[in-house]
Amino acid sequence: MSVLIAGIDEAGRGPLAGPVVVAAVILDPARAIAGLGDSKALSARTREALAPQIRERALAWSVIVVEADEIDRVNIFQATMAGMRRAAQDLRPAPVRVLIDGNKVPAELGFPAQAIVKGDAKEACIGAASILAKTTRDRLMLAHDERYPGYGFAQHYGYPTPEHLERLRALGPCAIHRRSYAPVRDCLQSGLF
C-alpha cells in the first residue's frame, strides 16, 4: 500500500469577483501522469488535457468552491483555509499526510501537514491540485461571463485588470463581486450603484 499523501492548492485569491477554488489530490504512484506542475506555468490547453487524467487516475480528489459571500464574511485568508480543510476532509481514502502550496497550514486540518512555498512546482500532488483548482475556477468564470455579460469575465477571470476596473466603474458590482475588496467597496460607496 502506498503512502496516502495529498497535495492541496487554490486558485483565485486575488480576483475581485468569483470564488476561490481549492483542490486536494492523492496521486496513485502506479498510474503516473506526465506533465504535472504549477498550473500558472502551463497553457490552458495543457491544463484542460491534464485535468481529466488527474480525476481518472488519482486515488482520491476533491474540489471545493468558496463563494464570494463567504470570502466577504470571513476574509480571503480564512476562506482559503476553510476551503483547504474541507478539501482535505472530503478525500476518500483519507490522507495520512498533506502537502500545501504556500506558507501556511490551516488550523484544525485534522492531518499532519506541511506548507511548501512554490510547492505546485516541487510536488506532483500539489501540481495536480493546482490544475484541478485552476481549471474548475476558469470554467466557473466562463459561465459567469454568460450570466453577467459586459464585465469581461471570460478574458480576465475576475482579476483586477484595467478593463475589469473600467467595467466595474461603468456597470457597478454584480452578484459575484467581492464587496470587501477595495475597488468593489469604493464603487459601492460612490453612491452611483
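Cut-offs applied
- Residues numbered from 1 in each chain as written.
- Predicted model: local features only at pLDDT ≥ 70, side-chain atom pairs only at ≥ 80, totals over all residues.
- Heavy atoms only, no water.
- Buried < 20%, exposed > 50% of the residue type's maximum accessible area, 1.4 Å probe, protein only.
- Helix = DSSP H or I, 4+ residues; strand = E, 2+ residues; numbered from the N terminus.
- Pairing = 2+ DSSP bridges.
- Contact = heavy atoms within 4.5 Å.
- Axes fitted to C-alpha atoms, helices over the stretch in contact; angles between N-to-C directions.
- 1 Å grid on protein atoms, 1.4 Å probe; cavity = no way out; pocket = protein on both sides within 12 Å on 5 of 7 lines; lining within 4 Å.
- Points joined across faces, edges and corners; volume = space filled by probe spheres on them.
- Patch = residues over 30% accessible without salt bridge, like charges linked within 9 Å, V, L, I, M, F, W, Y side chains within 5 Å.
- Areas by Shrake-Rupley, 256 points an atom, 1.4 Å probe, with all protein chains shown as cover.
- Salt bridge = Lys/Arg side-chain N within 4 Å of Asp/Glu carboxyl O.
- Expected span 1.5 Å × (residues − 1).
- Polar contact = N/O pair within 3.5 Å; in protein donor to acceptor, adjacent residues only side chain to side chain.

Considerations on unusual backbone geometry
Here is step 1 of the chain: The omega torsion of the bond from Arg92 to Pro93 falls at 5 degrees, within 30 degrees of zero and hence cis.
Here is step 2 of the chain: Phi at Glu108 takes a positive value of approximately 55 degrees, unusual for a residue other than glycine.
Here is step 3 of the chain: The class of Glu108 is exposed, set by a relative accessible area of 73%.
Here is step 4 of the chain: If you check the backbone angles, Tyr157 has positive phi at about 55 degrees while not being a glycine.

Describing the pairing of strand E2 (residues 20–26)
Here is step 1 of the chain: Counting buried positions along E2 gives 7 out of 7 residues, so the element sits mostly inside the fold.
Here is step 2 of the chain: Residues of E2 alternate between two faces, with Val20, Val22, Ala24 and Ile26 on one and Val21, Ala23 and Val25 on the opposite face, all of them buried.
Here is step 3 of the chain: Relative to E2, strand E1 (residues 5–11) runs antiparallel, the two sharing 6 bridges. Bridge pairing in E2 places Ala6 opposite Ile26.

So, the side chain of Ser130
Here is step 1 of the chain: Relative to the elements of secondary structure, Ser130 occurs in helix H5 (residues 124–147).
Here is step 2 of the chain: In this structure Ser130 touches Asp9, Gly37, Asp38, Ser39 and Asp120, once residues within four positions along its chain are discounted.

Examining the sheet that holds E2
Strand-to-strand pairing in sheets goes through backbone hydrogen bonds, with the strands running parallel or antiparallel.
Here is step 1 of the chain: In spatial order, the strands read E3-E2-E1-E4-E5; together these 5 strands make up an open sheet with mixed pairing. Looking at the sheet topology across the chains shown, the edges are occupied by strand E3 (60–66) and strand E5 (113–116). Strand-to-strand twist in this sheet, taken as the mean axis angle between neighbours without regard to direction, amounts to 20 degrees.
Here is step 2 of the chain: Strand contacts of H5: E1, E2, E3, strand E4 (97–101) and E5, with the helix running at about 35 degrees to E1, the strand carrying the most contacts.

Focus on empty space enclosed by the protein
Here is step 1 of the chain: Taken as a whole and judged by the stated rule, the model has 1 cavity of 30 Å³ or more.
Here is step 2 of the chain: Of the pockets and cavities examined, the largest cavity occupies roughly 30 Å³.
Here is step 3 of the chain: Taken together, Ala11, Gly12, Lys134, Arg137, Asp138 and Tyr159 make up the lining of the largest cavity.
Here is step 4 of the chain: For the lining of the largest cavity, the element with the highest residue contribution is H5, accounting for 3 residues.

Examining a nonpolar patch on the surface
Here is step 1 of the chain: A cluster of nonpolar side chains, contributed by Leu188, Leu192 and Phe193, occupies part of the molecular surface with about 300 Å² of accessible area.
Here is step 2 of the chain: Judged by its relative accessible area of 67%, Leu192 falls in the exposed class.

Focus: helix H3 (residues 76–90)
Here is step 1 of the chain: With 15 residues, H3 extends 21 Å from end C-alpha to end C-alpha; this agrees with the ideal 21 Å at 1.5 Å per step.
Here is step 2 of the chain: For H3, the elements touching its buried residues are E1, E2, E3, helix H2 (68–74) and E4.
Here is step 3 of the chain: The distance from a side-chain oxygen at the start of H3 to the backbone nitrogen of Phe77 is 3.0 Å, and the residue carrying that oxygen is Asn75.

Here we look at the pairing of E4
Here is step 1 of the chain: Where burial is concerned, most of E4 is hidden: 4 out of the 5 residues are buried.
Here is step 2 of the chain: As paired strands, E1 and E4 are joined by 4 bridges and run parallel to one another. When the bridges of E4 are listed, Ile5 appears paired with Arg97.
Here is step 3 of the chain: Pairing analysis gives 4 bridges linking E4 to E5, with the strands arranged parallel. Looking at E5, one finds that Asp101 is bridged to Ile116.

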